[in-house]
Amino acid sequence: MKCLRSGESLGGADDEVLFPSSSGSLASAIKDFSASENSCLAEQFDKKPDTGNIEEAESSLRESGILNYEEARALLGRYEYQKGNIVAALHVFEGIDIGVVTPKIKIALSRSRERRKRHSQNHAEPQMSIHSVGLLLEAVFLKAKSLQVLERFKEAAQSCKVILDIVESSLPEGMPDNFGAECKLQETLNKAVELLPELWKLADCPRESILSYRRALLHHWNLDAETIAKIQKEFVVFLLYSGGEATPPNLRSQMDGSFVPRNNIEEAILLLMILLRKVSLNRIEWDPSILDHLSFALSVSGDLTALANQLEELLPATIHRSERYYALALCYYGAGKDLVALDLLRKLLRSREDQHHVPGLLMASKICCENSTLAEEGVSFAKRVLQNLDGRCNQLENHANFFLGVSLSAHSKLAASDSERLKRQSEALHALETAGRMRNPLVLYHLSLEYAEQRKLDAAFYYAKCFLKLEGGSNVKGWLLLARILSAQKQFLDAESIVNTALDQTGKWDQGDLLRTKAKLQIAQGQLRNAIETYTQLLAVLQIQSKGFGSGKKLYKDNRDRARNLEVEIWHDIAYVYISLLQWHDAEVCLSKSEAIKPLSASRCHAIGKYI
């Protein structure tokens, strides 16, 4: 068997090592070469040589009677790599000049595809066989793997990219089915497509990594469904958690009107929705991490309704019933649809197997405590939480006691008798005091509020100061509560001083309630002219806010409505001041202003009654 073409020689001692004349076959030549290399890294790999592939290569090459320089090095390098001799394998692979054989590989790939299309057996054989193409591309891939082991990541990525460049330029329409299966060409390509983005990440080249992921997913490499799904999930993780922002993809072949993601989050959501659709069509196995990543992405983007829609589209057997209902309730609660979320939780907790579902019970009690009309149901849910926990988790018990205290406080206002009201207030105070042990600012605020409503003002003042201290003086509600407690103690001057301090520490947009409280304190002290000036200042702040809300975005709808209601109340407050000063014309102007904003208002009817 001929080993080299005439004139193609490695030269010198290498010829004798690579191709000993006494060897009767290529396999024995490889073994002789292996024995001559002593500097190995055998401890890094424990793979056995693939002698079947060597014999297959030998048989193919024997038929043509040709073994050129690059093919010989490809076989020898693979043998050394399989033994774990990474340095020796890389030394052999670096002797292959891939630039020289690239034109031949491209011609062989393109002609082989044409021959498959024509189904003709009479076409002239290409200059290089597909088997040789597979052997050389595998050598390039193994070179990249060797460089990766030696932590030369950028060189490894550049070597791996060569494979994709060659195949993509030779087969622009993509790899045909079962193309090069007999020489593992498709297997090598699959591995290269998966490896390239990882190498760019290891080389700290995020832009190249993103381009590689997109290239892997957009070009037709004839990958199986599981491999594509694996690449998509890895790309999603990189987009969501890498910390960098990718440029939008340039989809040249996109249809008119099709969606093009504008940032990392949108691209990740698109990929995750594609994965969920594949799960629904039973093309890939279910992976719970898909839903976890989608929940994070849609939560960050603020579109929890879309996440709820995706959960509803999942097949019933994909996730457990309780998990689905609870996740849907979280989505709708986050989207501001509290009653929808509560209905889902009621259905969940009505089931015999899920009636002790603590997270569902806790969430239901939280929703109810935020709505005074649901106070009685909130008490029931919170008590069920405490019964099911039975002292097993102090953190959850504290939260349950807090929700119980708030619900009992609201429920006490609906009591039919004084004794019932006092009983509920006492239970509410006890529950809030129990929850207050965890020193949560929100719990301390409601504890102070409950003490204030029960006219225990010293205790209310103490917890209001604790709340302000924990919040660092940044919460307007704390300043307002403290000022109102001082006002209830007839300490109007101190209360006004507290409000002035709060005004100095807050921005213009948060001063509405503070200025209104200051005006009321001035009225209580008989400073009616000063109160009118404060109200005028407050109206100016509201005018600035209304310009900010003028964009009409849905995000600001609640703030805009709140500002309008506050403006109506302010005009009524000013009207009361003018009525006290017997300035009837000015009072009438204020009432006409409020009528223009909100004609039907109970407070306006009361103000008109005072005016008349």
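Calculation criteria
- Residues numbered from 1 in each chain as written.
- Predicted model: local features only at pLDDT ≥ 70, side-chain atom pairs only at ≥ 80, totals over all residues.
- Heavy atoms only, no water.
- Axes fitted to C-alpha atoms, helices over the stretch in contact; angles between N-to-C directions.
- Helix = DSSP H or I, 4+ residues; strand = E, 2+ residues; numbered from the N terminus.
- Parallel < 35°, antiparallel > 145°, perpendicular 65-115°, else oblique.
- Left-handed = near helix turned anticlockwise from the far one by under 90°.
- Contact = heavy atoms within 4.5 Å.
- Nonpolar A, V, L, I, M, F, W, Y, C, P; charged D, E, K, R; others polar.
- Expected span 1.5 Å × (residues − 1).
- Buried < 20%, exposed > 50% of the residue type's maximum accessible area, 1.4 Å probe, protein only.
- Disulfide = S-S within 2.5 Å.
- Salt bridge = Lys/Arg side-chain N within 4 Å of Asp/Glu carboxyl O.
- pLDDT = per-residue confidence, 0-100.

Caption draft 1: Main features of the packing of helix H21 (residues 441-453) against helix H23 (residues 476-488). It is at 11 Å that the axes of H21 and H23 come closest, and there the two elements cross at 20°. When the interaxial angle is binned, H21 and H23 end up roughly parallel. Helix-helix and strand crossings are classified by hand; for H21 and H23 the assignment is left-handed. Contacts between H21 and H23 involve Leu442, Tyr445, Ser448, Leu449 and Ala452 from the former and Lys477, Leu481 and Ile485 from the latter. Taken together, the residues that form the contact of H21 with H23 break down as six nonpolar, one polar and one charged.

Caption draft 2: Quick peek at helix H18 (residues 375-389). Here H18 contains 15 residues, and its C-alpha end-to-end distance of 21 Å stays within 8% of the 21 Å for a straight helix at 1.5 Å per residue. Ala375, Gly378, Val379, Phe381, Ala382, Val385, Asn388 and Leu389 are the residues of H18 that are buried. Residues of H18 that are buried make contact with helix H16 (338-350), helix H17 (358-369) and helix H19 (394-412). Positive backbone phi, approximately 50°, marks aspartate 390, located one or two places after H18.

Caption draft 3: Up close: the state of the cysteines. One pass over the full model with this rule turns up zero disulfides. A disulfide-free cysteine, cysteine 368 has its sulfur positioned 8.0 Å from the sulfur of cysteine 369, the nearest such atom. Take cysteine 368: its relative accessible area is 0%, and that puts it in the buried class.

Caption draft 4: Expanded view of the pattern of salt bridges. All told, the structure shown has 23 salt bridges when counted by the stated rule. We note a salt bridge from arginine 152 to glutamate 94, for which the minimum N-O separation is 3.8 Å. Here arginine 152 is found in the loop between helix H7 (130-149) and helix H8 (153-170), whereas its partner glutamate 94 is found in the loop between helix H5 (86-93) and helix H6 (98-118), with 58 residues between them in sequence. You can call arginine 152 partly exposed: its relative accessible area is 31%. Between glutamate 370 and lysine 366 there is a salt bridge; the shortest N-O distance is 2.8 Å.

Caption draft 5: Representation of the confidence of the model for the protein chain in the model. Within the protein chain, residue pLDDT values average 82, and 82% of them lie at 70 or more. Taken element by element, the protein chain is modelled with least confidence in helix H1 (residues 13-18), mean pLDDT 38, and with most confidence in H17, mean pLDDT 95. Scored below 50 in pLDDT, residues 1-55 shows 82 contacts in the model against residues more than four places distant or in partner chains. Confidence over residues 57-65 falls short of pLDDT 50; this stretch has 13 contacts with residues more than four positions distant or in other chains.

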